[in-house]
Amino acid sequence: MRVLGLVLATGVLLTACGGGAYSGELAFRVTAVNPESESMGRTEPAYVNLEIDQDVADERDLLEIVRTQRADLDQLPTGVKVGDRVQCHVNQSDDSGFDQKGVQTEVTHCVSRS
């Protein structure tokens, strides 16, 4: 009986410390366009730096507030340049509070906004 109680308590603890997820649309402004480059014998794809371009106070479901982010250039509209405003799909996940990785954020499927 004690073993069963210990197993149940451990399961509750792991569930409570486990992560969560967020998936939604956020507005960004392009702050830099970076070309493809070589790093440690590997080709790194072109990417852009993004800065949040909306009030995130209402985004209570976000696991971590996204102020700046990066996205592969192939996730943005062709011809994107510094200063452009885009709407992107953002996925956040935190698989476990024990993995020391923290919140993982992925920015994809960006479209132009006016």
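Residues numbered from 1 in each chain as written. Predicted model: local features only at pLDDT ≥ 70, side-chain atom pairs only at ≥ 80, totals over all residues. Heavy atoms only, no water.

Asks: Help me out: how do you make sense of the confidence of the model for the protein chain in this one?
Replies: The predicted coordinates ought not to be read in detail in places where the model reports low pLDDT. The predicted model of the protein chain averages 81 in pLDDT, with 75% of residues at 70 or higher. Strand β4 (residues 47-52) holds the highest mean pLDDT among the elements of the protein chain, 96, whereas helix α1 (residues 2-17) holds the lowest, 40. Low pLDDT, under 50, characterises residues 3-17; the predicted model gives this stretch 4 contacts beyond four residues in sequence or across chains. (pLDDT = per-residue confidence, 0-100. Helix = DSSP H or I, 4+ residues; strand = E, 2+ residues; numbered from the N terminus. Contact = heavy atoms within 4.5 Å.)

Asks: Please explain the state of the cysteines as it appears in this structure.
Replies: In protein chemistry, a disulfide is the covalent bond that joins the sulfur atoms of two cysteines. As enumerated under the stated definition, the model contains 1 disulfide in all. In this model, Cys-88 is linked to Cys-110 through a disulfide, with the two sulfur atoms separated by 2.1 Å. Taking the torsion about the sulfur-sulfur bond, which here is approximately 110°, the covalent link between Cys-88 and Cys-110 counts as right-handed. You can see Cys-88 sitting in strand β6 (residues 85-93) and its partner Cys-110 sitting in strand β7 (residues 104-112), a full 22 residues away along the chain. We note that Cys-88, like Cys-110, is buried. (Disulfide = S-S within 2.5 Å. Buried < 20%, exposed > 50% of the residue type's maximum accessible area, 1.4 Å probe, protein only.)

Asks: I would appreciate a short explanation of the pattern of salt bridges in the present structure.
Replies: Note that side chains of opposite charge can pair when their charged atoms are close. A full pass over the atoms with the stated rule returns 5 salt bridges. Put simply, Arg-42 and Glu-44 hold a salt bridge, and the shortest N to O gap is 3.1 Å. Of the residues examined, Arg-42 reaches a relative accessible area of 55% and is grouped as exposed. By relative accessible area, Glu-44 is classed as partly exposed at 22%. Asp-53 is the salt-bridge partner of Arg-85, the closest N and O atoms lying 2.8 Å from each other. Taken together, the residues Arg-85 in strand β6 and Asp-53 in the loop between β4 and β5 (68-72) connect sequence positions 32 residues apart. On the basis of relative accessibility, which here comes to 22%, the residue Asp-53 falls in the partly exposed class. Here the salt bridges share partners, and the residues they tie into one network are Arg-29, Asp-53, Arg-85 and Arg-113. (Salt bridge = Lys/Arg side-chain N within 4 Å of Asp/Glu carboxyl O.)

Asks: It is not clear to me how the environment of Ala-71 should be interpreted in this structure. Could you clarify?
Replies: Tracing the backbone through its elements, the reader meets Ala-71 in strand β5. Overall, the relative accessible area of 3% leaves Ala-71 in the buried class. Separated by 21 residues in sequence, Ala-71 and Leu-50 place their C-alpha atoms 7.5 Å apart. With residues near it in sequence (within four places) discarded, Ala-71 still touches Tyr-47, Val-48, Leu-50, Leu-76 and Val-107.

Asks: Is there a simple way to think about the side chain of Gln-92 in this case?
Replies: Structurally, the position occupied by Gln-92 is in strand β6. By relative accessible area, Gln-92 is classed as buried at 2%. Excluding residues within four positions of it along the chain, Gln-92 makes contact with Gly-20, Ala-21, Tyr-22, Leu-62, Leu-63, Glu-64, Val-66, Val-103, Gln-104 and Thr-105.

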